[in-house]
Each structure stands twice: as structure tokens, then as C-alpha cells.
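# Commentary on secondary and tertiary structure
Listed here are the chains, written in short residue letters.
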Amino acid sequence: MYKGEDNIPQQRLPLSKKTKDWKQECIEAFINISSHGTSERKDYLRTLYDYYNGVIEESDYRYVLKPYGKARKNFPSKMRNYPIIKPIIDLLLGEKSKRPLNYTVTVKNADTVTNKELAKQQTLYQLMEQMFVNKLNEQGMETGVPSEEVELPQHILEQFERSYVDSRAIHGQKALNYIMYSEEIYEKLNKAWFDFLVTGEVYTQRGVRGNEPFYDILNPIDVDYDKDPDIEFVEDGDWALVRKFVHASTIIDHYYDELNDEQVLKLENPENHDMHSFLAFRPESTNADQNVHRSRLIEVVTVYWKSRKRIGFLEYMDPTTGSVEEIEVDESFRMPKELKEQGANLNWMWVNEVWEGTRIDGDIYVKMNPIQNQRVSLDNPSLCKLPINGRKYSDRNARNISLVSLGIPYQLNYNIYKYRLELAIARSKDIIAQFDINMIPKKWDMDKFMYYVEGTGIAWVDYNKEGVTLSPQHQSVLDMSIKTIEQYIVLLNSIMEEWEKLSGVNRQRQGQVGSYEGKATSQQAIVQSSHITEDLFRKFGRLEQRDLQALIDYSKEAWINGKKSMYVMADGVQEFLSLDSMEHMESEYGIFVSDSGKDQDKLDAIKQLSQSMVQNGVPASTIAEMFDAESFTEIKTKISSAEKQMQELQQQQQEAEQQMQQAQLQQQQAEVENENMNKEKDRETDIEVAMIRAKVDMMKIDAQVDKQQGDQLVKERQTDIQASAANESARSKRGDASAKREDMRSRERQSAADRQSKERQNRESLASQEKQAKENKSSSES
């Protein structure tokens with residue numbers, strides 16, 4: 001069989017010629033290509049992780065520790081690591097964990113606009129139907145549908161343009177939310193961010209495992225690939241492979257349906273494993289690991305490459321519609337005679353197709369076939385993507401760099417100057433007094449002499465020693481302090497400042513603010529610092545977007561029979577996922593990830609307004625939900641909902657105030673009416689009192705009249721008695737008596753007339769008082 005450059009088998013072959021031998025040769029060819037220079041790259045990447053973890057490489061300090069070819073022993077200093085790289089990396093890890101990952105799922109199908117227009121028409125029809133029902137109800141016709149308040153059509157259209165979302169996009173959003181939480185994508189992306197900062201490389205694997213989409217972060221040491229120089233992402237490259245060392249149990253978990261009994265038994269005693277290939281078992285390690293020979297790790301190499309396949313495009317006349325249709329057929333298709341007679345046309349072309357294959361323990365080959373989900377484009381059938389994705393930070397026309405690699409020279413210099421500083425401190429002594437040893441008094445030893453020197457501060461001297469001539473000039477003072485210690489400290493601070501300036505993480509960003517720095521100065525320093533590191537976040541964000549796009553694409557294959565599940569969002573809300581397999585398969589989704597840096601700035605700005613919002617009446621529960629939100633769009637929704645609730649509350653308060661005012665007015669009216677009633681009652685009482693008084697007066701008058709009448713009767717009786725006596729005594733004087741009786745009768749008549757006149761006057765006075773009381777009552781009512 002013909003093999004191309006680097007012994008890669010020919011890829012432009014029909015499927016019938018891609019035999020088992022061809023598949024194994026392809027796998028071996030790409031593995032052999034990958035082995036060129038791999039060990040050097042792995043050692044370099046491991047060194048970057050060592051620098052982050054603070055592991056000392058003696059070769060880096062050989063020129064300091066062995067300046068003349070020999071090691072210095074018994075020195076009062078030791079080369080140690082004083083980490084200045086790790087705090088910078090850890091701060092960026094913390095910032096990434098707090099940055100929101102805001103993604104939006106849209107539908108890119110050609111019928112999206114048509115569905116939107118149909119939905120808009122349906123909304124307008126419902127609006128017009130409700131308006132018609134309301135009009136009929138106003139005219140008193142029985143429609144059976146209650147009247148509802150409707151908005152103007154123009155306002156409805158504007159609101160529709162702002163809020164319309166395709167139902168397929170809603171299902172896609174829920175599907176991606178489910179994958180995010182089931183696969184713990186947030187945690188895995190933070191792990192990938194760590195690799196990106198340390199090595200400047202990040203690699204991920206997306207696919208389907210057990211009818212569920214999966215997402216793994218790959219160790220940069222295990223990945224190799226090849227792509228065009230102008231291509232940024234590995235998924236668009238030509239081939240990629242993953243070389244891992246795992247135990248037999250893990251292999252059986254992943255490939256149980258591909259292995260036979262003999263192969264499973266062979267994994268119990270692997271033959272081609274490499275004890276030194278795993279990160280923990282390094283051959284150059286000075287301290288041998290006691291667990292090295294207990295290792296049962298087995299090499300598993302999975303290769304993905306782009307091969308070629310032959311597809312055809314059949315053009316034929318649809319007898320139903322009369323239009324020309326085009327469908328895609330595979331290489332096994334043979335045009336029927338009927339279609340050929342109808343003038344159908346078949347065009348063949350070769351396009352790319354992603355294949356996969358796995359080699360276990362050097363001679364076990366499994367899963368050698370095209371991958372199920374090719375992730376092809378509807379516009380370009382040859383455009384397909386690898387399941388492995390990744391990128392480098394800065395490898396354009398140069399060797400890739402990372403934040404850790406940029407910090408290595410500063411870390412080395414910092415450790416060296418710390419080493420020098422420790423030596424200087426060891427050499428530095430205090431001011432020393434120099435005494436002649438012969439000055440110690442006779443019969444004293446050194447301990448006794450030093451005891452009195454330290455205890456009393458007096459050095460006793462015996463100048464009369466025999467055979468010894470002492471001179472006061474033999475005493476002197478030596479200054480053995482080292483003046484370079486402060487210079488080393490200045491150099492260490494200078495190295496730290498240069499490293500912080502290069503990394504973009506200055507001391508203000510780390511929370512170290514000077515005592516004389518104002519708030520504006522510190523904020524400006526933090527903003528300028530974030531501009532340097534924003535390129536790291538931006539490049540990693542593009543990888544996140546492509547990986548989310550891949551996960552939603554692979555879910556079509558995983559959930560080919562549909563999907564029903566339930567998951568819980570971060571805010572505790574339960575979401576239900578129910579996908580129709582055909583609708584999900586036929587939807588072409590697009591993933592858009594917003595700028596996390598700008599979103600974080602907006603989140604911080606809106607959260608700073610929380611206190612003023614509370615003071616202006618926003619409920620505290622809404623503020624708490626704002627702090628729990630991870631996207632600015634979610635916060636805007638919550639604020640809009642809170643504003644709507646506040647408007648409804650204000651409207652309710654206004655209605656309550658109006659009702660209260662109306663109740664107060666009614667109460668005032670009731671009080672006025674009550675007061676009028678009380679006044680009316682007072683007037684009626686006065687009238688009744690006046691009438692009672694009038695009756696009392698009438699009764700008094702009647703009593704007087706009765707008394708007068710009684711007195712008159714008594715007088716009349718007395719008169720009668722006297723008349724009778726006079727008649728009896730003076731019968732003889734009848735003429736005189738008759739005249740007297742006539743005179744008496746005239747007097748009685750006069751007396752009766754006088755009584756009648758007085759009674760009439762009393763009645764007129766009582767009538768006049770009643771009339772005056774009624775006039776007073778009518779005037780008070782008016």
C-alpha cells in the first residue's frame with residue numbers, strides 16, 4: 001500500500017479499502033510522528049509546573065553554588081525557593097473563579113426568520129381577536145369570552161422584537177445548562193485555566209460516553225497535534241493524539257464493549273508500560289520513589305485524524321412540487337434507472353472525515369472507525385472538527401510562552417539575592433571589643449572573666465603579672481557589620497516590582513495599598529493592571545465558547561432518542577429538561593459568550609449601587625438576588641422585575657391613599673351630618689322644653705282661672721246666702737231687694753265678661769309663643 005510522507009497511509013481511499021491493517025498503520029504512523037522530540041517538550045512543561053510549585057532545580061543555580069567547579073560545603077546559607085510566581089498565578093485563578101460565564105444559545109437554521117414572522121403574525125391575530133371580543137362585549141353581545149385590556153399593536157410589535165426567542169433556542173439553552181451542571185464545567189474550566197497560566201497551553205476533549213456528552217481537561221504533557229500555522233485551535237487541525245497512562249480498571253471502564261476476554265486478561269500483566277512516563281515517576285529525580293516498581297500503569301494512546309471520504313450530490317426533479325431538489329448520498333449509492341431517465345444528475349467529491357483509533361499496551365487496537373458526530377457545516381460538507389481542542393497563548397512565529405515562563409528569570413534572581421542576603425546576614429557581626437588575653441587576672445579562667453564582664457560591665461585587669469608587660473593600647477574595637485544588607489533588600493524589592501509590572505498584577509491589585517495613596521490612584525493602578533492580563537482572559541474565553549459549541553453539538557448524538565431530566569440551577573430553582581430528538585437533531589445551534597471582563601465591571605458597578613437602591617425602596621430580597629446573580633442580564637431582569645413591583649406597589653399605595661382620603665371625606669361628612677343631627681336634636685329639645693314651659697304656664701293660668709272661678713263661686717254662694725238671708729229678713733222690702741238683685745246680676749255679667757276676656761288673651765299669648773318657636777326651628781334648618 002502506498003504511504004505518503006512520514007509513512008502515513010494514503011487517506012483518499014474508498015471505505016471498502018480501509019481495512020483493519022490500514023487503520024492500524026494510520027494509528028502507528030501518527031504515534032511515530034508524535035514521538036519526535038516529545039521528551040524535550042514534556043520535560044519543559046514539567047519544569048514549568050515545578051517552578052509554580054516551588055521545586056528547586058540545582059542546575060539553574062550551578063553557577064552560584066559551584067562558581068569554580070566545586071560545591072561549597074558547610075556554608076551558613078542554603079539555596080531555597082521564595083515564591084513570587086505562585087501568588088500571581090493564584091490571584092488570577094481566584095479572579096477567574098469569580099468571573100461569570102454568560103452564554104446564550106441561538107438557532108441558526110434557515111427557517112428561523114420564517115418562524116419569527118409566523119409567531120409575530122399569530123401574536124397580532126390574537127391581539128385583534130381580543131380587541132374584537134372587547135368591542136362585542138361593550139355592545140352587550142354574548143361572546144362567552146371575558147374582556148381584557150390590550151396594548152397598542154405598535155407597542156406589541158416593539159415588545160415582540162425585544163423579547164422573542166425561538167422555542168428551539170430555549171430548549172438548546174436548557175440542554176446546555178444541564179450539561180454545564182452535570183459535567184461540572186465551571187470546575188473543569190478553572191482547572192484548564194490553571195494549565196493555561198502555567199504552561200501557556202490548554203487542551204480539552206469533548207465527546208459522547210454512555211449516551212451522555214462528556215467534557216475532560218487534558219494534561220498538556222499528554223497531548224500532541226499538528227495544525228496549520230495560521231490556525232489557532234487544535235480542533236481545526238489535521239491530527240491530534242492523547243497519550244495517557246492508566247490502570248487496567250480504567251481501561252475496562254471506558255472500553256468494556258470493545259475488549260474480548262483475552263485482551264482483558266492480558267491487561268492484568270501489561271508488557272509495554274513505562275514506569276517513567278508518568279509525571280510522578282521521573283527518572284532524573286535524585287530521590288527514588290519507593291512506589292515506582294509497584295506501578296501498573298498502562299499506556300493508552302488515542303489518535304484522531306482527518307481522512308477522506310467520497311460523497312455524492314444527487315440533483316433530481318421532485319414530481320410533487322416540480323422543483324429541483326438536491327440530496328447528499330454516500331459512496332455506496334447507485335443511481336436508479338428511473339432517476340437517470342428523468343434526467344437526474346450525480347456529482348461526486350472527496351471531503352474530510354474525522355477518524356479515531358486507540359492503541360492499548362502497544363498492541364491492542366480498539367474503536368478504529370469514523371467518529372459518529374462529524375460536526376460538519378451545512379455550507380461546507382468538508383469542514384469537520386476534531387474531538388480534541390486547545391490552544392497556545394503566544395506561539396506565533398516563535399516558541400510559546402506562559403506567565404510562569406516569563407517569571408522564571410525573576411524567580412531565579414530573587415532566590416539568588418535571598419541566598420546572598422542570608423550569607424551577608426551570616427557574615428554580619430556586631431561591634432566587637434578586642435582584649436589581650438593576658439589581661440585576664442591570675443588564677444581566673446575565661447568563663448569567670450566573661451561572667452564579670454557580662455554581669456558587671458567591668459573587665460578586671462591584673463597589670464602586675466610576672467613576665468607580662470601590658471599596655472592600654474592593646475585594647476581596640478572592631479566593627480564587623482555588613483553594609484550591603486540594605487542594598488540586597490533594595491534589589492529584592494526592585495525584582496518584585498519588575499515582575500509585577502511584567503505580569504500585570506501589581507501590589508494594588510493584590511490588596512497592598514500604600515498609606516499615602518488615594519482611592520482614585522489605587523483604582524487607576526488596578527484598571528491599568530487589568531488591561532495587561534485581559535489578553536489572557538480573552539484568549540481563554542474564545543476556547544470556552546468553542547467548547548460549549550462542541551458540547552451542544554455532541555448532545556445531538558448522545559440524546560438521539562430524546563432526553564428527559566431535572567436539574568437544579570445555582571439559585572436553587574428546579575429546571576426540567578424535555579427534548580424531542582428530531583427537533584434537537586435538526587436544530588443548528590450557535591453559542592455566544594459575552595465578554596466576562598466587561599460583565600464583571602458592570603456587575604461590580606451595579607452592586608455598588610445596592611445601598612442607594614435600598615434607600616430608594618428596592619426590597620432587600622431583590623438586592624440579595626442581585627448578589628447571587630452571575631450575569632448582568634439576569635441582574636437587569638431582576639431590577640426590571642423589582643421596578644415593576646415597585647410601580648405596582650406605588651399604584652396600590654396611591655389607590656390606598658385615595659381610598660383613605662375618600663374614607664376621611666366620608667367620615668368628615670358623617671361628622672357634619674352627625675353634628676347637624678345633634679343640633680337638630682338640640683333644637684327639638686329646646687322646642688319641647690319651650691312647649692313644656694308653655695304648657696306649665698297654661699296650667700298655671702288655668703289654675704289661676706280655676707281659683708278665681710272657685711273664689712267667685714264661693715263669693716256667689718256667700719252672696720246667695722246673704723241674698724237668701726236678706727230675702728228672709730227684708731221681704732217686706734221687695735222693691736228695694738228687686739233693685740238690688742238686678743244690680744247684682746249686672747255685676748255678675750260684667751264679671752263673666754272679664755273672665756272670658758282674660759282667657760282669650762292667655763290663649764293668644766300661648767299661640768304666639770308656639771309660632772315663634774317654629775320660626776326659630778325653620779331658620780336654624782335653613
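This write-up is about the structure you can find in this document. (Residues numbered from 1 in each chain as written. Predicted model: local features only at pLDDT ≥ 70, side-chain atom pairs only at ≥ 80, totals over all residues. Heavy atoms only, no water.)

Applying the stated rule across the entire model yields 19 aromatic pairs. Where Trp193 meets Phe540, the ring centres are 5.2 Å apart and the plane angle is 70°; that geometry is what we call edge-to-face. A residue pair is termed long-range when its members are at least 10 positions apart, and Trp193 in helix H8 (residues 185-199) and Phe540 in helix H15 (residues 519-558) qualify at 347 residues. On the basis of an interplanar angle of 50° and a centroid distance of 6.4 Å, the ring pair of Tyr417 and Tyr488 is categorised as tilted. Taken as a pair, Tyr417 in helix H12 (residues 403-427) and Tyr488 in helix H14 (residues 485-503) lie far apart in primary sequence, 71 residues in all. Tyr417 sits in the partly exposed class, given a relative accessible area of 28%. By relative accessible area, which is 18% here, Tyr488 ends up buried. (Phe/Tyr/Trp six-rings, centres within 6.5 Å; stacked < 30°, edge-to-face > 60°. Helix = DSSP H or I, 4+ residues; strand = E, 2+ residues; numbered from the N terminus. Buried < 20%, exposed > 50% of the residue type's maximum accessible area, 1.4 Å probe, protein only.)

Another point: the pattern of salt bridges. This structure, assessed with the given rule, holds 28 salt bridges. Taking the shortest distance from any N to any O, the salt bridge between Arg209 and Asp216 comes out at 3.3 Å. A salt bridge links Asp236 to Arg546; the shortest N-O distance between them is 3.0 Å. With Asp236 in the loop between strand S4 (223-226) and strand S5 (239-246) and Arg546 in helix H15, the pair connects residues that are 310 residues apart, well separated along the chain. We classify Arg546 as partly exposed; its relative accessible area is 23%. Three or more residues are tied together by salt bridges with common partners; here these are Arg206, Glu235, Asp236, Arg375, Lys385, Arg546, Asp547 and Asp553. (Salt bridge = Lys/Arg side-chain N within 4 Å of Asp/Glu carboxyl O.)

On to the sheet that holds strand S10 (residues 388-392), then. Overall, antiparallel pairing links the three strands, which are arranged S3-S2-S10 in an open sheet. Each edge of the open sheet carries a strand with a single partner, namely strand S3 (213-218) and S10. The average angle at which neighbouring strand axes cross in this sheet is 15°, direction not considered. Pairing between strand S2 (residues 201-208) and S3: six bridges, direction antiparallel. Bridge pairing in S3 places Tyr203 opposite Leu218. Strand contacts of H8: S2, S3 and S10, with the helix running at about 25° to S3, the strand carrying the most contacts. (Pairing = 2+ DSSP bridges. Axes fitted to C-alpha atoms, helices over the stretch in contact; angles between N-to-C directions. Contact = heavy atoms within 4.5 Å.)

Two numbers describe how H12 lies on H14: the axes approach to 10 Å, and their chain directions differ by 170°. Taken together, the axes of H12 and H14 lie roughly antiparallel to each other. Listed contacts from H14 to Leu403, Leu406, Gly407, Tyr410, Asn413, Tyr414, Tyr417, Lys418, Arg420, Leu421, Ala424 and Ile425 of H12 are Ile485, Tyr488, Ile489, Leu491, Leu492, Ile495, Met496, Glu498, Trp499, Leu502 and Ser503. Classifying every residue of the contact of H12 with H14 gives 17 nonpolar, three polar and three charged. (Parallel < 35°, antiparallel > 145°, perpendicular 65-115°, else oblique. Nonpolar A, V, L, I, M, F, W, Y, C, P; charged D, E, K, R; others polar.)

Time to look at unusual backbone geometry. Phi at Lys367 is positive, roughly 50°, even though this residue is not glycine. Tracing the backbone through its elements, the reader meets Lys367 in strand S9 (residues 364-370). The phi angle at Arg375 is positive, at roughly 50°, despite the residue not being glycine. The residue Arg375 is located in the loop between S9 and S10 in this model. A relative accessible area of 11% places Arg375 in the buried class.

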